[in-house]
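Remarks on the overall topology
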Amino acid sequence: MTKLLISYLLLVGVPILGVFGLLRLGANLAAPVAVAGEWLPSEAASSGCMSGLVGEQPPKMTIAQSGRLLVVSLNDANHSVLTGKLDGLAISAESGSRLWLRAAVDKSADPYLMQVELTVSDCPEAVQWSATRVPVAQNQPASH
Amino acid sequence: MPHLPTLLIQIGVVLVVARLVGFLFRKIHQPQVMGEMVAGILLGPSLLGWVAPGAYSALFPSESLGFLSSLSQIGLLLFMFLVGLELDPKMLQGRGRMALVISHVSITVPFFLGVLLAVYIYPRLSDESVSFTHFALFIGTSMSITAFPVLARILSERRMLHSRLGVIAIASAAINDVTGWLILAGVVLLVRAGDTALPLWVTLAGVVVYIACMLFPVRSLLARLDAIYQRKKVLSQDVLAFLLIFVLASSWLTEWLGIHALFGAFLAGAVLPKQSGFVHALTEKLNDTAVVLLLPLFFAFTGLRTSIGLVSGAEMWFYTTLIVLVAIAGKFGGSTYAARVSGMPWREAGALGILMNTRGLMELVLLNIGLDIGVLSPALFTMLVLMALITTFMTAPILEWIYFSRLVPQEYPDPEADPAGGQP
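Residues numbered from 1 in each chain as written. Chains lettered and ligands numbered in written order. Predicted model: local features only at pLDDT ≥ 70, side-chain atom pairs only at ≥ 80, totals over all residues. Heavy atoms only, no water.

Tallying secondary structure elements over chain B gives 18 helices and zero strands in all. At 21 Å, chain B has a C-alpha radius of gyration in line with the 22 Å of a compact globule built from 424 residues. The principal-axis extent of the C-alpha atoms belonging to chain B is close to 55 × 55 × 50 Å. The buried share of chain B, reckoned over its 424 residues, is 59%. Of the contacts formed within chain B by residues at least 6 apart in sequence, a portion of 81% connects residues at least 24 apart. Surface accessibility of chain B: about 16,200 Å² in total, with carbon and sulfur atoms responsible for 69%. Mean positive and mean negative side-chain charge positions of chain B (25 and 23 charges, respectively) differ by 9 Å. (Helix = DSSP H or I, 4+ residues; strand = E, 2+ residues; numbered from the N terminus. Rg over C-alpha atoms; globule rule 2.2 N^0.38 Å. Buried < 20%, exposed > 50% of the residue type's maximum accessible area, 1.4 Å probe, protein only. Contact = heavy atoms within 4.5 Å. Areas by Shrake-Rupley, 256 points an atom, 1.4 Å probe, with all protein chains shown as cover. Lys, Arg positive; Asp, Glu negative; His and termini not counted. Charge placed at Lys NZ, Arg CZ, Asp CG, Glu CD.)

Looking only at helices and strands, chain A has two helices and eight strands in total. Across chain A, helices and strands are ordered from the amino to the carboxyl terminus as α-β-α-β-β-β-β-β-β-β. A total of 144 residues make up chain A; the buried ones form 42% of that total. The contacts of chain A with a sequence gap of at least 6 include a subset with a gap of at least 24, amounting to 41%. Carbon and sulfur atoms form 57% of the exposed surface of chain A, whose accessible area is close to 7,600 Å².

So, about the pairing of strand 2 (residues 61-66) of chain A. Here six bridges tie strand 2 of chain A to strand 3 (residues 69-74) of chain A, and the two strands are oriented antiparallel to one another. When the sheet's bridge partners are listed, Gln65(A) is paired in strand 3 of chain A with Leu70(A). (Pairing = 2+ DSSP bridges.)

Quick look at helix 2 (residues 32-43) of chain B now. All names here are of chain B. Look at helix 2: 17 Å from first C-alpha to last across twelve residues, which is about the 16 Å you get at 1.5 Å a residue. Among the twelve residues that make up helix 2, eleven are buried, leaving the element largely enclosed by the rest of the structure. Every buried residue of helix 2 is accounted for by Gln32, Val33, Met34, Gly35, Glu36, Met37, Val38, Ala39, Gly40, Ile41 and Leu43. (Expected span 1.5 Å × (residues − 1).)

Below, the discussion takes up the packing of helix 5 (residues 65-86) of chain B against helix 16 (residues 360-372) of chain B. Any two packed helices are characterised by how steeply their axes cross, that is the angle between the axes, and by the distance between the axes. Residues and elements named next belong to chain B. Remark: helix 5 packs on helix 16, axes separated minimally by 12 Å, with the N-to-C direction vectors making an angle of 130 degrees. With respect to their mutual orientation, helix 5 and helix 16 come out oblique. For the pair helix 5 and helix 16, the sense of crossing is left-handed. The segment helix 5 lies against helix 16, with Leu76, Phe79, Met80 and Val83 engaging Leu361, Met362 and Val365. Classifying every residue of the contact of helix 5 with helix 16 by side-chain character gives seven nonpolar, no polar and no charged. (Axes fitted to C-alpha atoms, helices over the stretch in contact; angles between N-to-C directions. Parallel < 35°, antiparallel > 145°, perpendicular 65-115°, else oblique. Left-handed = near helix turned anticlockwise from the far one by under 90°. Nonpolar A, V, L, I, M, F, W, Y, C, P; charged D, E, K, R; others polar.)

What follows concerns the pattern of salt bridges. Under the definition given, this model contains nine salt bridges over all chains. Residues Arg305(B) and Asp372(B) are paired through a salt bridge, measuring 2.7 Å at the closest nitrogen-oxygen approach. Here Arg305(B) is found in helix 13 (residues 278-305), whereas its partner Asp372(B) is found in helix 16, with 67 residues between them in sequence. In this structure Asp372(B) comes out as partly exposed when scored by relative accessible area, which is 33%. Linked by salt bridges that have partners in common, Arg68(A), Lys85(A) and Glu315(B) make up one network. (Salt bridge = Lys/Arg side-chain N within 4 Å of Asp/Glu carboxyl O.)

Let us look at the interface of chain B and chain A. Contact residues are listed per partner, giving 48 residues for chain B and 36 residues for chain A. Between chain B and chain A, the buried area comes to about 3,500 Å², and carbon and sulfur atoms account for 69% of it. Per-residue buried area on chain B facing chain A is highest for Phe112(B), Glu128(B) and Val341(B); these three make up 16% of the total on that side. Here Arg68(A) ties to Glu315(B) by a salt bridge, and the two come within 3.1 Å at their closest N and O atoms. Where chain B meets chain A, there are ten residue pairs in polar contact (both at pLDDT 80 or more). Among the elements of the structure, helix 4 (53-59), helix 6 (96-125), helix 7 (132-144), helix 13, helix 14 (313-341), helix 16 and helix 17 (378-393) of chain B are those that each provide at least two residues to the side of chain B that touches chain A. Considering every element that reaches the side of chain B that touches chain A, the biggest residue donor is helix 6 of chain B, with 16 residues. (Buried area = accessible area lost by both parts, 1.4 Å probe. Polar contact = N/O pair within 3.5 Å; in protein donor to acceptor, adjacent residues only side chain to side chain.)

Across chain A, pLDDT averages 84, with 83% of residues at or above 70. Scored below 50 in pLDDT, residues 137-144 of chain A makes 24 contacts in the model with residues more than four places away or belonging to other chains. (pLDDT = per-residue confidence, 0-100.)

Residue and element names in this part refer to chain B. On the surface, a cluster of nonpolar side chains totalling about 420 Å² of accessible area is made up of Leu42, Leu47, Trp50 and Val51. Among the structural elements, valine 51 can be located in helix 3 (residues 48-51). On the accessibility criterion, valine 51 (56% relative accessible area) is exposed. (Patch = residues over 30% accessible without salt bridge, like charges linked within 9 Å, V, L, I, M, F, W, Y side chains within 5 Å.)

Quick look at the nonpolar core now. The nonpolar side chains of a soluble globular protein tend to be buried with one another. Grouped together as the largest cluster of nonpolar side chains are 165 residues, with contacts concentrated most on Phe60(B), Ile139(B) and Leu380(B). Every residue in contact with Ile139(B), bar those within four places of it in the chain, is listed here: Gly114(B), Leu117(B), Ala118(B), Ile121(B), Leu376(B), Leu380(B) and Leu384(B). Listed in part, the 25 residues of the second largest apolar core include Leu82(A), Ile91(A), Ala103(A) and Cys123(A). (Core = buried A, V, L, I, M, F, W, Y, C linked by side-chain atoms within 4.5 Å.)

With that out of the way, let us pick up the side chain of Ser106(B). All names here are of chain B. The residue serine 106 is located in helix 6 in this model. When its relative accessible area of 0% is taken as the criterion, serine 106 is described as buried. A polar contact of 2.9 Å, which involves the side chain of serine 106, links it to the backbone oxygen of serine 103. Not counting residues within four places of it along the chain, the set of residues in contact with serine 106 comprises Ser144, Asn176, Lys331, Ser335 and Met356.

The omega angle of the peptide bond from Asp110(A) to Pro111(A) is 0 degrees, so this bond is cis rather than trans. Structurally, the position occupied by Pro111(A) is in the loop between strand 6 (99-106) and strand 7 (113-120). Even without being a glycine, Lys233(B) presents a positive backbone phi close to 60 degrees. Assignment of secondary structure puts Lys233(B) in the loop between helix 10 (200-232) and helix 11 (237-257). What makes Lys233(B) exposed here is its relative accessible area of 57%. Positive phi, normally seen in glycine, also occurs at His260(B), with a value near 85 degrees. Mapped onto the secondary structure, His260(B) falls in the loop between helix 11 and helix 12 (261-270). The class for His260(B) is buried, based on a relative accessible area of 10%.

See the structure below:
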């Protein structure tokens, strides 16, 4: 009985104390910047061969985020989906060695802003635009 | 309802695939529910959306998913009500002390390891929109869950509900279930505290009043229904309708209080009187519709949200492996050691540990809540779904290996294929 009581106190009490300690320890941890949600384009500079892909208006972006892993969906003519990573405030993503996206997040703005550059394999020019974040809950099934 | 034809096709396809995969899983001595969970994954972007994106888009167009989601949620409410119905305080009689030790250890040890894991994965798999405390508490809870219904089904199929191992396992799982859902309700309350219109103290007071009302006056009122049933020996449609309204009202109240509708459905089942055949008759009326028709829709909806493609590259698979190992070490290790300390021989303690390690669909329920409230990222959701599948899948073969084939095999004969399929 005594052995069982001591074991109970050790196996239940110590983990509970450990949880409180870890919660205090983890309060200082920093997670990657939140970029999930929709990013609406504001202004663009595109010309020539890029206009065939993005049209006159740069595409709206929807980002699904899992830590540093990102899935970027564009509402361009091809409904392109790029996968990439977040490194600090810099985003790099690509789609099948055909489409590359580079972006920098501006955390000082509210809501966040992003400077985006998109390049395509068979086009020497790049399209650049800025986008504003519209955060959304990540609660829907995978989009098509 | 413009999407009715699509919805009907979706339900038909989900049912066919769920029954088919469930049948195949029964052939390899896995519970039907394991096959149905896998069927949901197969219908999602992880397989169908990957090999036949056109068919996937046609079958599950984004704009139709709201209907599928609503139906699956109703099914889940009914299912949680049925899980609550299965909880009988008599399970604890005469074995409360050992079950209490095992169940508490089987919660605290995996919870601690889950929080420890959270310290490592928070900077890698979460983002700044989720606080570390919420994230860690949720990961801890997800490691602590035991699938009480699946465990009960396995014990029942092996005719060991009344064995020493069976009674301790079922009692421990019952305590674990109630404690786990209380912890989850607390975590959801914390996470949603900033979003609800009610101040936190009002919500907390409301939850205490709600639980007190359910345990005392409501329980007494429900005992009268039991008395009516004992007199008439028939569960009338009026009584059934009243109970369904009771479940819906309880679910609505807990959702309004901010601790999730599923908790209300679960508690509604838990407080119903268990003395007579009343609960059995009620379960018979609801079980087939909830388990055969509606639950596979929940698995399909979970599958639609699970994208194994997100777990790509060595780094992501490393995190997945780590999550699975921590889950097993905490639950299997903690339960086994607690059972051993409580006086069980090692082999029996190991069998209990592997039973408690079964997470099954209860884990999927919890993970969907985590995704809904934004605590889990899509990739982490997928990793935890894989953990739930692996820990559920491993139960039957390991139990066979460490227990049935070596310890009194004549006492627990392998049952013939169950035509009902061993439902969850």
